[in-house]
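# Observations on the model geometry
So you can see what is in the structure, the chains are spelled out below.
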Amino acid sequence: MDIDAELMLRFKQGDVSSFEKLMRKYKEQVVNIIYRFIGDRDEAEDLAIEVFLKVYKSAKAYRAEAKFSTYLYRITVNLCINELKRRKRHKSVSLNNPVASKELSSPVSILEQREREALVKKMIDTLPSTQRIPLILQVYEGLSYKEISKVLGCSVKGVERRLYRAKTALRKKLEPYLRSQK
């Protein structure tokens, strides 16, 4: 059993400090996953609180059948899916600029990097959720196919197919931009 699952089981038995340790360890990862779906850093932080609230409330029902991170990612992804559905109904659009992932040497290169990130994010956002979700979990969160299959509740082959379709669609969408860069 992984150490995080043990912490969750201790929390289930009443050890609040175990839950606090899990929150500290996973807060940034959860915020980043949500940010990649939602595109708004402040809202991602608010929704991360909701994720941990759901974990807190569901502690009594928790069973250590998989890694704790898989359990947490499933709650996070489900919350993101629900939020995206809610947004579709309400047609809200984030106007926030994406944050550059690393420090670059010049203002021009920072702008170019932000433009590339914004373009890729825009193209990823156009993918159907069945392709977008596994792509975000693999590329940005570094999850394995097996971990993604557990989060999504599908087979590893299903994850492979979804990722193949996502990458093929993304390549087609980005092809005109890549050609213009040469």
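Residues numbered from 1 in each chain as written. Predicted model: local features only at pLDDT ≥ 70, side-chain atom pairs only at ≥ 80, totals over all residues. Heavy atoms only, no water.

Next up on the list: the pattern of salt bridges. Tallying each qualifying case throughout the model produces seven salt bridges. Of the charged contacts, one joins E83 and R86 as a salt bridge, the two residues approaching to 2.6 Å between their closest N and O atoms. Residue E83 and its partner R86 are both found in helix α4 (residues 68-90); the two are separated by three residues, about one turn of the helix. The buried category is assigned to E83, whose relative accessible area is 9%. (Salt bridge = Lys/Arg side-chain N within 4 Å of Asp/Glu carboxyl O. Helix = DSSP H or I, 4+ residues; strand = E, 2+ residues; numbered from the N terminus. Buried < 20%, exposed > 50% of the residue type's maximum accessible area, 1.4 Å probe, protein only.)

Below, the discussion takes up the nonpolar core. Note on soluble globular proteins: their nonpolar side chains tend to be buried together. Residues M8, V30, I34, F68 and L72 are the most contacted members of the largest nonpolar core, which totals 44 residues. No other element matches helix α2 (residues 16-38), which puts ten residues into this core. For M8, the residues in contact, after removing those within four places along its chain, are L22, V55, A59, Y62, F68 and Y71. (Core = buried A, V, L, I, M, F, W, Y, C linked by side-chain atoms within 4.5 Å. Contact = heavy atoms within 4.5 Å.)

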